[in-house]
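Given next are the chains, with one letter for each unit.
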Amino acid sequence: DLAADIDLERFGASMVVSLHGCGAATDMAIRLATRNRLPFVVSPCCTAKAVVGRTYGPQLRATTGTGNRMSSEHRSGAPSDIVYPRSAWLASALKEHLNGNDDIDGAYATIAKVADVGLGPQTPLEQVEHQRLAKRIVEWDRLVGVRERHNYRVEMFEIRDHDGYGKKEICIGVPDAP
């Protein structure tokens with residue numbers, strides 16, 4: 001994970017900004033910020049790709065035959081130290097909803113997929129509504145996780161009048177004083 005190895009102090013960085021962070025790229029940008037106690041502003045993109053594990057080296061060659069080309073899912077998947085859901089808040093809500101069933105990973109993956117592509121047969125308006133709700137859940141999960149683990153103040157804003165583009169969230173985090 002190259003992002004974790006960037007020495008932000010050396011470059012005089014005062015914040016982390018990520019635009020169109022597909023899949024786990026948003027989580028990696030947030031992790032870079034929290035490891036360095038810097039504010040962040042992220043504009044997340046697709047969510048379902050994050051729940052796919054990243055593939056490297058021989059494993060990638062075995063799955064693609066080349067080792068040189070990664071599918072979007074493999075490039076955007078989360079490294080093993082980033083797990084979903086990101087917050088105890090959402091994990092608890094999913095566990096309660098599942099009546100103790102342990103498939104929290106599967107439930108989270110479903111929410112992430114709905115955020116990207118919807119729920120299946122439904123009206124176009126219903127699909128957009130379900131996608132927006134699922135996307136807000138995923139992004140609040142990220143932000144609440146940062147608040148729970150790293151003592152950050154967090155907020156989510158929505159870009160208005162964005163020409164129909166479905167990914168409208170801007171997520172901001174600022175570290176609280178220690």
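These figures come from a predicted structure and were not determined experimentally.

**Some points on the side chain of Q131**
Then comes step 1: Assignment of secondary structure puts Q131 in helix α6 (residues 124-150).
Then comes step 2: On the basis of relative accessibility, which here comes to 17%, the residue Q131 falls in the buried class.
Then comes step 3: Sequence-distant contacts of Q131, defined by excluding residues within four places in its chain, comprise V114, A115, D116, V117 and G118.

**Here's the deal with the packing of helix α4 (residues 88-97) against helix α5 (residues 104-117)**
Then comes step 1: Running from N to C, α4 and α5 cross one another at 105°; their axes reach a closest spacing of 10 Å. The angle between α4 and α5 places the two elements in the roughly perpendicular class. Across the interface between the two elements, L90, A91, L94 and K95 of α4 pack against I104, A107, Y108 and I111 of α5.

**Considering the nonpolar core**
Then comes step 1: Of all hydrophobic cores here, the largest spans 18 residues; its most connected members are A24, Y84, L94 and Y108.
Then comes step 2: Sorting elements by how many residues they give to this core places α5 first, with 7 residues.
Then comes step 3: A24 has contacts with A50, S76, G77, A78 and Y84, leaving out every residue within four places of it along the chain.
Then comes step 4: I30, L32, F40 and V146 belong to the second largest nonpolar core, which has 15 residues in total.

**Here we look at helix α1 (residues 25-35)**
Then comes step 1: Taking burial as the measure, the 11 residues of α1 include 9 buried ones, the bulk of the element.
Then comes step 2: Among the residues making up α1, those that are buried are T26, D27, M28, A29, I30, R31, L32, A33 and T34.
Then comes step 3: Buried residues along α1 sit against β1 (16-21), β2 (40-44), α6 and β3 (152-158).
Then comes step 4: At the exit of α1 stands R37, carrying a positive phi of roughly 50°.

What counts, and where the lines are drawn
- Residue numbers restart at each chain and count upward from 1, following the sequence in its written direction.
- Per-residue local features of the predicted model are confined to residues with pLDDT of at least 70, and side-chain atom pairs are confined, for both listing and counting, to 80 or more; whole-chain, interface and lining totals are unaffected and use all residues.
- Excluded from the side-chain calculation are hydrogens and water; included are all heavy atoms of the structure.
- A run of H or I in DSSP counts as a helix once it spans at least four residues, and a run of E counts as a strand once it spans at least two, with each numbered from the N terminus.
- Burial here depends on accessible area, computed with a 1.4 Å probe over protein chains only, as a share of the maximum for the residue type. Under 20% is buried, over 50% is exposed, and the range in between is partly exposed.
- Note on contacts: a residue pair qualifies if any of its non-hydrogen atoms lie within 4.5 Å across the two residues.
- Here, axes are lines fitted to C-alpha atoms. For helices the fit covers the stretch in contact, and angles between N-to-C directions go from 0 to 180 degrees.
- Angle categories are assigned with fixed cut-offs, so that under 35 degrees is roughly parallel, over 145 is roughly antiparallel, 65 to 115 is roughly perpendicular, and the rest are oblique.
- Here, nonpolar core refers to any group of buried Ala, Val, Leu, Ile, Met, Phe, Trp, Tyr and Cys residues whose side-chain atoms link them within 4.5 Å.

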